[in-house]
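# Architecture and fold: a report
The primary structure of each chain is shown beneath.
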Amino acid sequence: MSQVSKDSSSAKRVGMVSLGCPKALVDSERILTQLKLEGYDVVPTYQDADVVVINTCGFIDSAKQESLDAISEAMKENGKVIVTGCMGKGKDADTIKQRNPGILAVTGPQAYEDVVGAVHAWLPPSKDHNPHTDLIPPQGVKLTPRHYSYLKISEGCNHKCTFCIIPDMRGKLVSRDAGSVLDEAERLVAAGTKELLVISQDTSAYGVDVKYKTSFWQGRPVKTRMLELCEALGDMGIWVRLHYVYPYPHVDDVIPLMAAGKIVPYLDIPFQHASPKILKAMKRPAAAENNLERIKAWRAICPELTIRSTFIVGFPGETEEDFQILLDFLEEAQLDRVGCFTYSAVDGAQANALADPVPEELKLERQQRFMEVQARISAARLQAKVGTIQQVLVDEVTPEGAVARSQADAPEIDGCVFIDGARHLKPGDFVTVEIEEADEYDMWGHIVS
């Protein structure tokens, strides 16, 4: 569950279980911030909570099962449960209610007001709360460490990928006002954030829905567009990392900012496959050949660029030839960080109706072959960094030393840089290290004086 706040005999107490992606984590932070503003305390255990809010994930079947298990556990341990998030609408909501007849309320994704309203209905705020003295930090309630924060710039998605139901759950693209985004970023930096992780369902599409309208921040005009947003964030003197970037042509425009050190040379791009036939069946943008050409062009401008991606194997109709095209793409692209998932039929996805499903055993076999190829590539790319000097950001200090990340490493999903014996450091410190060794995922180094 979430972080602990101060004890208060008069305040009503709320527990939070946040599941799924960083975008859902930001939703949880918004809910908790509003409840804290109204005088509720946030507690870390079922036993201490007067009511428990569970933010669910419904992206794939395994995520749904994790959410259902969490709801069942909360009902057993506490009994007063409010459910929100991606499983909070349609058939999934019906399933939750049927399995948990005593549940207090079920609301959909991004339904902040509905969640808070449900808490009010079952647990009215304390009359002793004084909003003028019980202050909330300007950055709000955070569920991440102090030194890094997720910055959500939009909701929803305009794509109709056949394997995905996110547009059905979260709606079409709705971009936040650029001035509002930058104000939030400024508050987070002032509160100690050293790294901003820019997230959305489709970061490259930021501003399309509002025709890149001009906003204002600190008295200057700023277009609601990825390039201008990155330029402004790059002036804040911290790491700025881009996630969920579709490979549209205008992504080329941000690469010079990376080369100039304005934003972190890192792109998280979900390519998903490389076979033209499978990409067409997935309804994914861009062709593999174009992606390879652009990767080469990006690296010519910014050699330090790290590219992370995700792929799906075993998509309906995927032949051995299609899979080999994907492996050939890996060899040619030389991506740094890669995740691979077997295709999972999600209730409501168009791909469920496609012909020639791939047997589960073959999906797993292809996933293993894929990861063997990528592990070799990742290991070679990390080995090339041995002997280099890297700036790293410390995440944790243990009895053995410091656990940090380089600019090539996003928190939770990428590797770490271990600095043996550096127990004098603290989370949020930037230090310079020389890399001494590496494996497929992590690196080890010592501090350079």
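Preceding block: the structure.
The following paragraphs examine the structure supplied in this document. These figures come from a predicted structure and were not determined experimentally.

## Some thoughts on the packing of aromatic side chains
Applying the stated rule across the entire model yields nine aromatic pairs. Centre to centre, the rings of Phe315 and Tyr343 are 5.2 Å apart; their planes meet at 75°, and the pair counts as edge-to-face. Of this pair, Phe315 sits in the loop between β14 (306-313) and α11 (320-333) while Tyr343 sits in the loop between β15 (337-342) and α12 (360-383); the two residues are 28 residues apart in sequence, bridging distant segments of the chain. The burial state of Phe315 is the same as that of Tyr343; both residues are buried. Each member of the aromatic cluster is reached from another via a ring pair, and the members are Phe271, Phe311, Phe329 and Phe370. Residue placement shows Arg241 over the ring face of Tyr266; its charged tip is 4.5 Å from the ring centre. The cationic tip of Arg405 hangs over the ring face of Tyr148; the distance from NZ or CZ to the ring centre is 5.4 Å.

## Here we look at unusual backbone geometry
For Gln272, which is not glycine, the phi dihedral falls at a positive 75°. Tracing the sequence through the fold places Gln272 in the loop between β13 (266-268) and α9 (276-282). Under the relative-accessibility criterion, Gln272 is labelled buried at 10%. Positive phi is not limited to glycine here, since Gln334 has a value of about 50°.

## A word on the pattern of salt bridges
Pairing between side chains of opposite charge can happen when the charged atoms of each approach one another. All chains considered together, the criterion is met by 26 salt bridges. A salt bridge links Glu155 to Arg30; its shortest N-O distance comes to 3.5 Å. On the criterion of sequence distance, the pair formed by Glu155 in strand β7 (residues 154-155) and Arg30 in helix α1 (residues 22-37) is long-range, its members being 125 residues apart. Of the residues examined, Arg30 reaches a relative accessible area of 27% and is grouped as partly exposed. Taken together, the shared-partner salt bridges connect Glu318, Glu320, Glu365, Arg366 and Arg369 into one network.

## Observations concerning the sheet that holds strand β2 (residues 41-43)
If you walk across this open sheet you meet the five strands as β2-β1-β3-β4-β5, and the pairing is parallel. At either margin of the open sheet sits one strand with a lone partner, and together these are β2 and β5 (105-106). As defined by bridge partners, strand β1 (residues 13-18) adjoins strand β3 (residues 51-56) across five bridges and the pair is classed as parallel. Pairing of Gly15 across the sheet is with Val52, part of β3. With respect to the sheet, α1 is in contact with β1, β2, β3 and β4 (81-85), its orientation differing from that of β1 by roughly 175°. In this fold helix α2 (residues 61-77) packs onto β3 and β4, with an angle of close to 175° to the strand it touches most, β3.

Calculation notes
- Along each chain, residues carry numbers from 1 onward, in the same order as the chain's sequence is written.
- For this predicted model, a pLDDT threshold of at least 70 governs which residues receive local features, and a threshold of 80 or more governs which side-chain atom pairs are given and counted, while totals over whole chains, interfaces and linings are taken from all residues.
- Side-chain calculation: all heavy atoms of the structure are included, whereas hydrogens and water are not.
- Only Phe, Tyr and Trp rings take part, Trp by its six-membered ring, and two of them pair if their centres are within 6.5 Å. Stacked means planes under 30 degrees apart, edge-to-face means over 60, and tilted covers everything else.
- Numbering of helices and strands starts at the N terminus; helices are DSSP runs of H or I of at least 4 residues and strands are runs of E of at least 2.
- Remark: exposure states derive from per-residue accessible area (1.4 Å probe, protein chains only) relative to the maximum for the residue type, with buried under 20%, exposed over 50%, and partly exposed in between.
- Put simply, a charge is over a ring when the Lys NZ or the Arg CZ is close to the ring centre, within 6 Å, and near the line of the ring normal, within 35 degrees.
- We count a salt bridge whenever a side-chain nitrogen from Lys or Arg sits within 4 Å of a carboxyl oxygen from Asp or Glu.
- Only strands that DSSP links by at least two bridges are regarded as paired with each other.
- Residue contacts follow a heavy-atom distance rule, with two residues in contact if any of their heavy atoms lie within 4.5 Å.
- Here an angle of 0 to 180 degrees is reported between the N-to-C directions of two axes, which are lines fitted to C-alpha atoms, with helices fitted over the stretch in contact.

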